[in-house]
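Each chain, written out:
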Amino acid sequence: MITARGLTKLYGSIRAVDDLTFDVVPGTVTGFLGPNGAGKSTTMRMMLGLDRPTSGTATIAGKPYAALAAPLREVGALLDAAAMHPGRTGRAHLRVAARTHGIPLARVDEVLEEVGLAAASRRRIKGYSLGMRQRLGIAGALLGDPGVLLFDEPVNGLDLDGVRWIRSLLRGFADEGRTVLVSSHLMSEVQLVADRVVVIGGGRLVADTETSALLTGAGGPRVRVRTPSPDELLRSLPAHAVAERTGDHEIEVAGVAAREIGDLAHGIGVRIHHLAEVEQSLEHAYLSLTGPASAADAAVATEGAAR
Ligand SMILES: Nc1ncnc2c1ncn2[C@@H]1O[C@H](COP(=O)(O)OP(=O)(O)O)[C@@H](O)[C@H]1O
Ligand SMILES: [Mg+2]
């Protein structure tokens, strides 16, 4: 379990993190979402004791990071810029970390195997691709077999195989009962794997909910209607309906239930060929929560979803 309570970080006059309160619970993957600059990395650094909160607290397994007796056995982390000595081999890098933290060296080969780096483990890190470095960073996070895992934008720069691999890895960790927090500025990267999402914007909490709940947005579900007479139907919708033409013979309506639209069409003698509630796209939900600042991200997210 990870908790944030009133967590706040000021850099000079910039409120990087502003009064965040949320829990990250075991057995789930929690997506930590927000546009670039929202405060995700700062929040995670405070959880890991790498940055001091201006006010508020972050705890892991009930304690601030600094109070954990064996931090690497409690929490593993992959941060944005994982510092690695380029002249070392991947295996040597992990052996140093293991030795420093009293972890048996045999564990190094186990985690190298787990992340698919066993074959490359005796090569120098400077020859590793970005994907291999990410794998090595994840191996480092796993060294102490921790119950809590934090990943800051782990799929940045990875190819599709890498993205899929990370997703299944995260799912597996949660299914084993671990607490998994994974940040991203792209909805599409976490929507397939996150059970819950915590969304922040400008350092503040904007949503803390089950991923599925994001799908039914504020105005209730949208209704898609196909009819040979869309204009006639549009004219007779109640004033509070928000409707748009989505095709020659198709409209989408928010604010009016499917049943009402069916009855209304029947009343005016308009034929209906299709009538269905449609789920709001998660990008759409994310955008409406985080505002136009993330429009560019959302465009990328849509591309990502199409891959
Ligand atoms: N070390 C720092 N010094 C000054 N400002 C910082 C520092 N780290 C982050 N910031 C600022 O804090 C805000 C949040 O940044 P960050 O946590 O990196 O966001 P995210 O990870 O969501 O992209 C940004 O405005 C960023 O410029
Ligand atoms: Mg960041």
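For the structure, see preceding data.
Quantities reported herein were computed from a predicted structural model and do not represent experimental measurements.

Engineer: For this particular structure, what's the right way to read the overall build of the protein?
Structural biologist: Helix and strand counts for the protein come out as 12 helices and 13 strands. Here the C-alpha coordinates of the protein stretch approximately 80 × 45 × 35 Å along the principal axes. For the protein, the proportion of its 307 residues judged to be buried stands at 46%. Considering only intrachain contacts with a sequence separation of at least 6, the fraction spanning at least 24 residues in the protein is 67%.

Engineer: Which parts of the structure should I look at to understand the packing of helix α3 (residues 90–100) against helix α5 (residues 130–142)?
Structural biologist: Relative placement of two packed helices is described by the angle separating their axes and the distance separating the axes. With their axes 10 Å apart at the nearest point, α3 and α5 run at an angle of 25° to one another. Comparing their axes, α5 and α3 come out roughly parallel. The hand of the α3/α5 crossing is right-handed. Only Leu136, Ala139 and Gly140 of α5 make contact with α3, whose side of the interface consists of Gly90, His93 and Leu94. Grouping the constituent residues of the contact of α3 with α5 by class yields 3 nonpolar, 3 polar and no charged.

Engineer: Sorry if this is basic, but what is going on with the packing of helix α4 (residues 106–114) against α5 here?
Structural biologist: Orientation of α4 relative to α5, taken along the N-to-C sense of each, is 135°, at an axis distance of 9 Å. In terms of orientation, α4 lies oblique with respect to α5. Between α4 and α5 lies a crossing whose hand is right-handed. Two secondary-structure elements touch here, α4 through Arg107, Val111, Leu112 and Glu114 and α5 through Leu136, Ala139 and Leu142. Each residue belonging to the contact of α4 with α5 can be placed in one class, and the counts come to 5 nonpolar, no polar and 2 charged.

Conventions used here
Each chain has its residues counted from 1, running along the sequence as written. As a convention, the first chain written is A and the first ligand written is 1, with the rest following in written order. Note on the predicted model: pLDDT of at least 70 is required for a residue's local features to be given, and 80 or more for side-chain atom pairs to be given and counted; whole-chain, interface and lining totals, by contrast, use all residues. The side-chain figures draw on all heavy atoms in the structure; neither hydrogens nor water molecules are used. Counting from the N terminus, the helices are the DSSP runs of H or I reaching at least four residues and the strands are the DSSP runs of E reaching at least two. Here the term buried applies to any residue with accessible area under 20% of the maximum for its type, exposed to any over 50%, and partly exposed to those in between, with areas from a 1.4 Å probe on protein chains only. For this analysis, residues touch if any pair of their heavy atoms sits within 4.5 Å. All axes here are fitted lines through C-alpha atoms, helices being fitted over the stretch that makes contact, and every angle between N-to-C directions spans 0 to 180 degrees. Between 65 and 115 degrees an angle is taken as roughly perpendicular, under 35 as roughly parallel, over 145 as roughly antiparallel, and anywhere else as oblique. The handedness criterion is simple: a crossing whose near helix is rotated anticlockwise from the far helix by less than a right angle is left-handed, and one whose near helix is rotated clockwise is right-handed. Note on residue classes: Ala, Val, Leu, Ile, Met, Phe, Trp, Tyr, Cys and Pro are nonpolar, Asp, Glu, Lys and Arg are charged, and everything else, Gly too, is polar.

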